[in-house]
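These are the residues of each chain, in order.
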Amino acid sequence: MPAMVVFGRRWRIASDDLVFPGAFELFIRAVWWIVTLVVYTNHKGRFDCQGGTYLHNYLVVLLVLLGVIILTLCAIVYISAQGTIMNPGPRRSVPALVYLRALLYVPELVWACLGAVWVSDSMCVCVCVLSWIILLSMAVGVLVVFDPLGSQRPGAPPDAPRGVRDLESSESSQLFYTAHTVASRVWESRLRLLCCCLPQDNNHRAAFSSIAQLVSGFFLDTDLVPSDIAAGLALLHQEQDKMEHCRDPDEVLSHSPEDLEVELEKAAHFMKFAAAAYGWPLYVYSNPLTGLCKLSGDCCRSRQAEYDLVGGDSLGCHFTSILQSTGLQYRDFIHISFHNQIYEIPFYVALDHKREAVLVAVRGTLSLKDVLTDLSAECENLSVEGVSGTCYAHKGISQAAHYIYKRLVNDGILSQAFNIAPEYKLVICGHSLGAGAASLLAVLLRSTHPTLQCYAFSPPGGLMSKAVADYSKQFVVSVVLGKDLVPRLSIPNMEDLKRRLLKMVSNCSKPKYKILMRGCWYELFGGDPDDFPTELENRREEVLNQPLLGEESLLVQRSNTYQSLSSDDSPAHPTHLPLYLPGCILHITEDGHCFAPVRYRAEWSSETSFRNVLISPRMVADHMPDVVLRALRSLTREQPFMACSSCKKVRL
């Protein structure tokens, strides 16, 4: 950081990002130089034969050219390793070295072309082929770091007169708007290309536009490159681990362990239905040795006429996997829909005789269409009877919940189920995206089914407004495992994460390559977190902030994100409405140490515990439905739990 400016544009690489690629190329070039020298030595007495002069000239010039490139790479690696992320001053000569290295590609390319014509010896042909491989790999590397938004933005130099800088500042708002518009178009084009196989209807076009607006504006007011983000995440992970080791134990409030035990048993029971909604992919993943064999007999059998199966491919496989996972009988299913479009997600309705419940299970994210539903994260008004306060929710998930609501009510699916079992209660469950849709669906159905209960496993954090979240505590239980990312994922939390990343990289006095090396070692092998500085010292504040606030880009100068670094730890003015997890939150964590059997404990938690994204190798694994189900089953077998917060309990 900042992004390196060469050839009149910014690139997705900083001047301190050339240590590892430069060292790798240096190693390849050194080996290549040695191999070429060996080839030259072996042919030293045979240059007088036909074509020997061409071969001699080719090898000699190649040795000289490689020597110059090796020296240039040594200089690039050495200088790129100087300074810190926020202090690029010692690396000011890196762009000049990059120009020199790029200039050396011209004779290298010419000589590779001549070598392809001149060289016929088998060993020399290998050298020539290696030349072309390296040249092509360098071209691919240039494409990787190319930034389509990298046209250098004009700005006033730091020593410009005050009047000039004020004039530039007055134009920054228009510049920011223009840059955001261009970035949104670029991201929208990327999404269209990524989703080229999906129908381009109004829903998809609206989703592409809203997602592009969201993604393009996230890092637009910073000058971060991908490696800066990686270094910041590495620092933040170690800092969070230090704080976790030093924090005081959570206060344990009085609450009945028997109630928690009951809730855990019910959660483990309904989680198997939520996991079964994923169909055969999760079943085969969870049963790699026997899954295909158990499903193979019924995959090709069509049951659409016999049972109410709707939409999707491989319906027989999906249905059979649900039967295998849940233990239900064919006659227990009322409706199964695998229809999947943006804002329209699969679900099934069945009779759970063990718990005497009409069960609605909603599938989580499993397709690209589901991802688009997840990323449609702007707020949408929600009409809820009996709730005082502002009611709004995540747009994509809210529309998915309304789609299922219409299917259940307007198509008479729930009426059919309760005609069969009128004494049963309604239970809604789901995992991930399905948990969010299930929670909002429960809110919509609460007025007509006052005894309904909902179990949301690993629900998305940015789901519903505070008023709706408080209302849902009467009938929704959210289950979160460990450091799962998704329940902590919301736009305000991501803005907070960005601010913390900037704070970490601005405070650290280590060069980036050392941060990344230490971070990789810590992630792979653990150990004690490094004692990197975590607070600005007054004597270094001006030095650290100068590269941050003195960049030529007006966007960086006017950035609220950067300006918040010089203030206290309070976040900048929020630009997005806050969204919360649904219901009462049951948090499951791991107890134990390395090489010890994994043991879990469960405690009631509040939404304030999920307002920060926790960086951990487990942040994705803890979200997987099979891992959540295994943790719940382990808890119900061993029961090593604690009750840590009072919350109104739900019962069936």
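Residues numbered from 1 in each chain as written. Predicted model: local features only at pLDDT ≥ 70, side-chain atom pairs only at ≥ 80, totals over all residues. Heavy atoms only, no water.

Draft legend 1. Spotlight on the overall build of the chain. Scanning the chain from N- to C-terminus turns up 24 helices and 13 strands. When contacts within the chain are restricted to residue pairs at least 6 apart in sequence, those whose partners lie at least 24 apart make up 75%. Looking at the chain as shown, the accessible area adds up to about 30,600 Å², and 59% of this sits on carbon and sulfur atoms. (Helix = DSSP H or I, 4+ residues; strand = E, 2+ residues; numbered from the N terminus. Contact = heavy atoms within 4.5 Å. Areas by Shrake-Rupley, 256 points an atom, 1.4 Å probe, with all protein chains shown as cover.)

Draft legend 2. How the structure looks around a nonpolar patch on the surface. Taken together, the side chains of W33, I34, L37 and V38 present a nonpolar region at the surface, about 320 Å² in accessible area. Looking at where W33 falls in the secondary structure, it is placed in helix α1 (residues 19-42). (Patch = residues over 30% accessible without salt bridge, like charges linked within 9 Å, V, L, I, M, F, W, Y side chains within 5 Å. Salt bridge = Lys/Arg side-chain N within 4 Å of Asp/Glu carboxyl O.)

Draft legend 3. The confidence of the model for the chain, seen in detail. In the predicted model, the chain carries a mean pLDDT of 80, and 77% of its residues have values of at least 70. Counted against residues more than four places away or in other chains, residues 154-160, with its pLDDT under 50, gives 14 contacts. Counting contacts from residues 534-558, a segment whose pLDDT is below 50, to residues more than four positions away or on other chains yields 59 contacts. (pLDDT = per-residue confidence, 0-100.)

Draft legend 4. View of unusual backbone geometry. With phi around 50 degrees, E356 is a residue other than glycine that occupies positive phi space. Within the element layout of this structure, E356 appears in the loop between β5 (347-352) and β6 (357-362). The backbone phi angle of S458 is positive, close to 55 degrees, even though this residue is not glycine. As for its placement among the helices and strands, S458 is situated in the loop between β10 (453-457) and α17 (466-472).

Draft legend 5. How the structure looks around the pairing of strand β9 (residues 425-431). A large share of β9 lies buried, amounting to six of its seven residues. Judged from the six bridges that link them, β6 and β9 form a sheet pairing that is parallel. Looking at the pairing, V362 lines up with G430 of β9. By the bridge criterion, five bridges tie β9 to β10 in an arrangement that is parallel. Counterpart to G430 in the pairing with β10 is A456. Following the chain from β9 across helix α16 (residues 433-445) to the adjacent parallel β10, one finds a crossover that is right-handed. (Buried < 20%, exposed > 50% of the residue type's maximum accessible area, 1.4 Å probe, protein only. Pairing = 2+ DSSP bridges. Right-handed = clockwise from strand over helix to strand, strands pointing away.)

Draft legend 6. View of the UniProt feature "transmembrane region" (unreviewed entry) in the chain. As annotated by UniProt and renumbered to match this structure, "transmembrane region" (unreviewed entry) occupies residues 20-42, 54-79, 99-119 and 126-146. A helix fraction of 100% and a strand fraction of 0% characterise residues 20-42, whose end C-alpha atoms lie 33 Å from each other. (UniProt positions renumbered as here; feature names shortened; annotations may be inferred.)

Draft legend 7. How the structure looks around the packing of aromatic side chains. Under the defined criterion, the tally for this structure stands at nine aromatic pairs. With a centroid separation of 5.0 Å and 85 degrees between ring planes, the pair formed by F7 and Y99 is classed as edge-to-face. One end of the pair, F7, is in the loop between β1 (3-6) and β2 (9-14); the other, Y99, is in helix α3 (residues 94-118), and 92 residues separate them in sequence. Judged by relative accessible area, which is 52%, F7 ranks as exposed. Ring centres of F270 and Y455 lie 5.3 Å apart, and the angle between their planes is 25 degrees; on these two criteria the pair is classed as stacked. Highlighted residues: F270 in helix α9 (residues 257-276) and Y455 in strand β10, separated in sequence by 185 residues. Accessibility assignment for this pair places F270 and Y455 in one class, buried. Of note, R101 hangs over the ring of Y105, and the distance from its end group to the ring centre comes to 4.0 Å. The positively charged end of K466 is found above the aromatic ring belonging to Y580, 5.4 Å away from the centroid. (Phe/Tyr/Trp six-rings, centres within 6.5 Å; stacked < 30°, edge-to-face > 60°. Lys NZ or Arg CZ within 6 Å of the ring centre and 35° of its normal.)

Draft legend 8. Spatial organisation of the pattern of salt bridges. Across all of its chains, the model carries 23 salt bridges by this definition. One salt bridge connects E25 with R29, and the closest N-O pair in it is separated by 3.1 Å. You can see E25 and its partner R29 sitting in helix α1, four residues apart, about one turn around the helix. Side by side, E25 and R29 carry an identical accessibility label, which is buried. E239 serves as the salt-bridge partner of K242, at 3.5 Å between the closest nitrogen and oxygen. Here K242 and its partner E239 are both found in helix α8 (residues 226-246), three residues apart, which amounts to about one turn of the helix.

Draft legend 9. Expanded view of helix α7 (residues 202-216). The end-to-end C-alpha distance of α7, which contains 15 residues, comes to 21 Å, matching closely the 21 Å that a straight helix rising 1.5 Å per residue would cover. Regarding α7, the residues found buried are H204, A207, F208, S210, I211, A212 and S216. (Expected span 1.5 Å × (residues − 1).)

Draft legend 10. Broad picture of the packing of helix α14 (residues 395-410) against α16. The interhelical angle for the contact between α14 and α16, taken along N-to-C directions, is 55 degrees, at an axis separation of 8 Å. In terms of their interaxial angle, α14 and α16 are classed as oblique. Classified by chirality, the crossing of α16 by α14 is right-handed. Each of I397, S398, A401, H402, I404, Y405, L408 and V409 in α14 lies in contact with α16, whose residues at this interface are L433, G436, A437, L440, L441, L444 and L445. (Axes fitted to C-alpha atoms, helices over the stretch in contact; angles between N-to-C directions. Parallel < 35°, antiparallel > 145°, perpendicular 65-115°, else oblique. Left-handed = near helix turned anticlockwise from the far one by under 90°.)

Draft legend 11. Representation of the nonpolar core in the model. Residues V358, V360, L408, L426 and I428 are the most contacted members of the largest nonpolar core, which totals 47 residues. In terms of residue count, α16 provides more of this core than any other element does, nine residues in total. Residues in contact with L408, not counting those within four places in the same chain, are F347, V349, V360, I413, L414, L441 and L445. Judged by nonpolar contacts, the second largest core, of 44 residues, contains L260, L264, L328 and Y348. (Core = buried A, V, L, I, M, F, W, Y, C linked by side-chain atoms within 4.5 Å.)

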